[in-house]
Amino acid sequence: VPTPVTGMEYATRDETTLYIQGGTPNNGLPVSNQLYALDLTRPSWNTTNPPWSALSVGSGLQASPITYLQSMVISKDQQSLSIWDTLGSISTYNITSNTWSNPASLPPSTKKVTKLNAAMDPTSGLIYLPSGFESGAVNVYAVMVYNPATRAALSLPMPSDESTLAGLAYFSLVWSTARSSMLLYGGVSVVNFTVSTPSFFEFLPAAAMWAPVKTTGTSPGQVYNHCMVPAQTAYGGTKMIVFGGRYTSGVDSGSIYILDVKTMVWTQGTAADPSQNRTGMACTVAGDNFVAWGGDYNASTSKFTAPIIYNLKSNQWTTQFSLAPSPSITSSTGAPSSTSASAAANGPNGPSAAAIGGGVVGAIVALVLGIFLFKQQVATFASSEIQHAAFRQSPAINFDTEA
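Bear in mind that the values here come from a model prediction, so they are computed numbers and not experimental data.

A.B. asks: What exactly am I supposed to notice about unusual backbone geometry here?
C.D. replies: Positioned with a positive phi, Ser131 is a non-glycine residue whose angle comes to about 65 degrees. Assignment of secondary structure puts Ser131 in strand β14 (residues 127–134).

Here is the structure:
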């Protein structure tokens, strides 16, 4: 089994395998280069005996990086994993051959900040890293757009006059198949480590535009170093689950929330036992099973060894993983609202606004027509959108990236 750590990199392959890499067992030093896979296709298993498999960490240059608080992205063809280490290089692991490649140098303009989560657009294969492009100006942030096939990169501006988006770290960034967009939730400012209101934004790669997301129901509030994962197979990507993390008050959470991405309505699930409150963990979904592993509580040196499982059908925590067929949760079905003592005392209130509904096409049209245009960057966005559209077809900026 993997060494219990926090701040590991992780990614899921088609709800069949959870990969975890790196992390630290002691909040800094030492740092691990472990690589493990959790089998999500096994019909049934208990949290006391999870089906982990150790994978190759390689050797020499062709090796798993010693890193934590970075980001892992699975490729468009689901055949490789890339570790995006903003303090080092880009390391790639081939899933089929169980081997590592020589690391690739980062684009020269990569911002040297930890915990900038990346996500891949499956329609183009491009990787997006918010706040990851070094603009050269103080406290001015841009999105790094990277093509792993050509090792080309360019930047897209982030709205600098919106304090809850520009300069964030420790956020979650997830591709939503139901909305054909990326959803960014939570995080804290890399400038002052605080954010006053919950950060929830949608990025439309086809339009190269950001828009704030309005939701109803009780949201997770302003958390960071949490996890957000989609429920794809059983729910068609219409559910997004947010678990754990740390409130800006410094309290770690064990609460779980389910977002219907069609209606943008939150429902609050049954909180984990307070002893399971955590931050910096790995998360995934397979069928009705939400699984979290690792992380720590209030920076404790004691890390979580066993996975924990939340059944999305029963809305309860369980020790049993099961892929037995079950009816999907409809948009109107909500999880029972409860919370742990610490979350009840410290958890923030969710925002309330008109829900965004309709189908994918309607949502994209509405967002493009009503997009939130930030005053000082209208011209910049227009120029960047043209460059980005060309980049999606034929990237023009190439770097010599072989280490």
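A.B. asks: Even after reading the chapter, I still don't get the state of the cysteines, so can you show me in this structure?
C.D. replies: Structurally, a disulfide amounts to a covalent bond that connects the sulfur atoms of two cysteines. Scanning all chains against the criterion turns up 1 disulfide. In this model, Cys227 is linked to Cys283 through a disulfide, with the two sulfur atoms separated by 2.1 Å. In this structure the cystine formed by Cys227 and Cys283 twists about its S-S bond by roughly -75 degrees; its chirality is therefore left-handed. One end of the pair, Cys227, is in strand β24 (residues 227–231); the other, Cys283, is in strand β29 (residues 282–286), with 56 residues separating them in the sequence. By relative accessible area, which is 0% here, Cys283 ends up buried.

A.B. asks: What's the story with the packing of aromatic side chains in this structure? I'm lost.
C.D. replies: What describes a pair of aromatic rings is the distance from one ring centre to the other and the angle between the planes of the rings. Counted under the stated rule, the structure contains 16 aromatic pairs. Seen from their ring centres, Trp84 and Tyr146 are 4.8 Å apart, and the 80 degrees between their planes marks the pair as edge-to-face. Taken together, the positions of Trp84 in strand β9 (residues 80–84) and Tyr146 in strand β15 (residues 141–147) put the pair 62 residues apart, joining distant regions of the chain. The pair Trp84 / Tyr146 is uniform in exposure class, with both members buried. Ring geometry for Phe243 versus Phe290: centroids 5.6 Å apart, planes at 65 degrees, classification edge-to-face. Of this pair, Phe243 sits in strand β25 (residues 239–243) while Phe290 sits in strand β30 (residues 289–293); the two residues are 47 residues apart in sequence, bridging distant segments of the chain. With a relative accessible area of 0%, Phe243 lands in the buried category. Linked through ring pairs, Tyr185, Phe200, Tyr257 and Trp266 together constitute an aromatic cluster. Geometry around Phe304 places Arg278 over its ring, the cationic atom sitting 3.8 Å from the centre.

A.B. asks: Sorry if this is basic, but what is going on with the sheet that holds β15 here?
C.D. replies: Hydrogen bonds between backbone groups are what pair the strands of a sheet, and the pairing can be parallel or antiparallel. In spatial order, the strands read β13-β14-β15-β16; together these 4 strands make up an open sheet with antiparallel pairing. One side of each edge strand has no neighbouring strand; the edge strands of this open sheet are β13 (119–120) and β16 (152–157).

A.B. asks: Whenever I open this one, the pairing of strand β22 (residues 209–212) confuses me. Can you help?
C.D. replies: Regular strands show a simple pattern: their side chains alternate between the two faces of the sheet. Pairing geometry for strand β21 (residues 200–204) and β22, over 4 bridges, is antiparallel. In the strand pairing of β22, Leu204 is matched with Met209.

A.B. asks: Would you mind showing me how to read the nonpolar core here?
C.D. replies: Note that soluble globular proteins tend to have their nonpolar side chains buried in a common cluster. The biggest cluster of nonpolar side chains holds 43 residues, and the ones touching the most others in it are Tyr128, Leu156 and Trp210. Broken down by secondary-structure element, the contributors of at least two residues to this core are β13, β14, β15, β16, β17 (168–169), β18 (172–176), β19 (181–185) and β21. Broken down by element, the residue count for this core peaks at 6 residues, all from β15. Listed in part, the 33 residues of the second largest apolar core include Tyr36, Ala231, Ile256 and Tyr310.

A.B. asks: Before we go on, may I ask you to explain the sheet that holds β18 in this structure?
C.D. replies: With antiparallel pairing, the 4 strands of this open sheet are ordered in space as β18-β19-β21-β22. Two strands close off the open sheet at either side, each with one partner strand: β18 and β22. Within this sheet the neighbouring strands show an average axis-to-axis angle of 25 degrees, counted without direction.

A.B. asks: Is there a simple way to explain the layout of surface pockets in this structure?
C.D. replies: Remark: the empty space left among the atoms is shown by a probe the size of a water molecule rolled over them. Space inside the largest pocket adds up to approximately 880 Å³. Lining the largest pocket are 36 residues, with Thr12, Ile74, Val174, Trp175 and Pro230 positioned closest to its centre. Of the residues in the lining of the largest pocket, the class split is 20 nonpolar, 11 polar and 5 charged. Estimates place the volume of the second largest pocket at around 410 Å³. Ser75, Ser80, Ser82, Pro148 and Ala149 are, among the 24 residues lining the second largest pocket, the residues nearest its centre.

What counts, and at which threshold
Residues numbered from 1 in each chain as written. Predicted model: local features only at pLDDT ≥ 70, side-chain atom pairs only at ≥ 80, totals over all residues. Heavy atoms only, no water. Helix = DSSP H or I, 4+ residues; strand = E, 2+ residues; numbered from the N terminus. Disulfide = S-S within 2.5 Å. Buried < 20%, exposed > 50% of the residue type's maximum accessible area, 1.4 Å probe, protein only. Phe/Tyr/Trp six-rings, centres within 6.5 Å; stacked < 30°, edge-to-face > 60°. Lys NZ or Arg CZ within 6 Å of the ring centre and 35° of its normal. Pairing = 2+ DSSP bridges. Core = buried A, V, L, I, M, F, W, Y, C linked by side-chain atoms within 4.5 Å. Axes fitted to C-alpha atoms, helices over the stretch in contact; angles between N-to-C directions. 1 Å grid on protein atoms, 1.4 Å probe; cavity = no way out; pocket = protein on both sides within 12 Å on 5 of 7 lines; lining within 4 Å. Points joined across faces, edges and corners; volume = space filled by probe spheres on them. Nonpolar A, V, L, I, M, F, W, Y, C, P; charged D, E, K, R; others polar.

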